[in-house]
Amino acid sequence: MTLYPKLIMDALATVVYAGTKKNLVESGMVADTPTVAPLHPAQEGKNWKVGVVLEFPRDTDPFLKSTVKAAEAAIKYHCGQDIEVTIVTEYKSKPRPEPDKLLPGVKNIVAVSSGKGGVGKSTVAANLAIALARLGYSVGLLDADIFGPSVPKMLHIEDARPYAVHVDGRDLIEPVEQYGVKTLSIGFFVSPDTATLWRGGMASNALKQLIADADWGELDYLILDTPPGTSDIHLTLLQTLAITGAVIVSTPQQVALADARKGIDMYRNEKVAVPILGLVENMAWFTPAELPDNRYYIFGREGCKQLAQQMQVPLLAQIPLVQSICESGDEGMPAATRTDTMTGQAFISLAQAVVTVVNRRNRELPKTKIVRTTKG
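Everything numeric in this text was worked out from a predicted model, so none of it was measured.

Draft legend 1. Spatial organisation of the sheet that holds strand E6 (residues 106–113). Reading across from one edge, E10-E11-E7-E12-E6-E13-E14-E15 is the order of the eight strands in this open sheet, with mixed pairing throughout. Strands with a single pairing partner mark the edges of an open sheet, and in this sheet they are strand E10 (176–178) and strand E15 (315–321). Averaged over all pairs of adjacent strands, the angle between strand axes in this sheet comes to 25°, irrespective of strand direction. Pairing of E6 with strand E12 (residues 219–225), which is carried by six bridges, proceeds in the parallel orientation. If you follow Val-106 over to E12, its bridge partner there is Leu-219. Each of strand E13 (245–250), strand E14 (276–286) and E15 is contacted by helix H8 (residues 303–311), which is oriented at about 160° to E14, the strand it contacts most.

Structural data, given as structure tokens:
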């Protein structure tokens, strides 16, 4: 039997690629005309050798191995079992860079964390990012709270749907820009009315995609809005990014301060060694709109200030509990968008403090290393 490239293409047209539900030819995955050549001399009854190049969307394609096996089997079934088949795989998108080479254009990565939920961590993270942008810095905001994403609503971009761009041979997610801040959140890709029921591995993989498969470009600061507490998500961040430093958010009350200590300890662990840039005391006091000069310490007084002294870290800011902060977040117009208000100025001052401590940290301390996992 004489073989021709068309016979090989006809055989490949019987193989369905699960990623598109179409056959390999219709899916445009046969990258070049198959090569057919006689074997000289024939080896073990094989008279022909066939070469095929299949192009997959990415090197991590879950259907890659099964598709290659099915293609080889189809060629032998339709063209003869005595054929030597070689299938080479190529990829439309370049492989994801190693962690050490991720985000080369990002100068500083700041994790905004809290020991417990409900202390206003996401509010602080979003307003810090906007305030840094108002100061003239290029800023990105990654909503790393996979199970409770709130940044899209806070920035009034719940309906945004990021699109893909082709950059340097890779298909990347284009962050959504709002208030001068490049933003990505899992909230863009899931229904806001549906609970995200994912195992830890699924959540970690989704987070890695938002980090490594996004076109963050050149940034002075990438702000990470991390989940409350300590979890797999924090470990994923530490294993994926060299975090410049962490900002810990807490309220003045003792139960929140106890959890804040745990958050500080997580970053200070010798295997992690991420510098603590400082603490932010949120809801430091309540100021009613009709009495702007009055302060009511309903959650305790200066608890974070005392903790900062004990832990020997800076107190970066004390943010008052003002009704407008909550309302502006719900309306998608964070307080930092208005620098003519008391709360807007508070977040501008926080941003200036963060710039100062980051610059000092970069002068005095070595670059943070990615946490490595070891087996054994």
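Draft legend 2. Representation of the pairing of E6 within the structure. Among the eight residues of E6, seven are classified as buried, and the element is accordingly described as predominantly covered. As judged from the four bridges shared by E6 and E13, these two strands associate in the parallel manner. Its bridge partner being in E13, Ser-113 is matched across the sheet by Ile-248.

Draft legend 3. Structural detail: the packing of aromatic side chains. Under the criterion given, the structure shown has four aromatic pairs. Ring geometry for Tyr-137 against Tyr-221: centres 5.5 Å apart, planes inclined by 90°, an arrangement best described as edge-to-face. Of this pair, Tyr-137 sits in the loop between helix H3 (121–134) and strand E7 (139–143) while Tyr-221 sits in strand E12, and the two are 84 residues apart along the sequence. An aromatic cluster is built from Tyr-17, Phe-56 and Phe-63, whose rings are joined through pairwise contacts. Directly above the aromatic system of Trp-285 lies the positively charged group of Arg-295, at a separation of 3.7 Å from the ring centroid.

Rules behind the numbers
Residues numbered from 1 in each chain as written. Predicted model: local features only at pLDDT ≥ 70, side-chain atom pairs only at ≥ 80, totals over all residues. Heavy atoms only, no water. Pairing = 2+ DSSP bridges. Helix = DSSP H or I, 4+ residues; strand = E, 2+ residues; numbered from the N terminus. Axes fitted to C-alpha atoms, helices over the stretch in contact; angles between N-to-C directions. Contact = heavy atoms within 4.5 Å. Buried < 20%, exposed > 50% of the residue type's maximum accessible area, 1.4 Å probe, protein only. Phe/Tyr/Trp six-rings, centres within 6.5 Å; stacked < 30°, edge-to-face > 60°. Lys NZ or Arg CZ within 6 Å of the ring centre and 35° of its normal.

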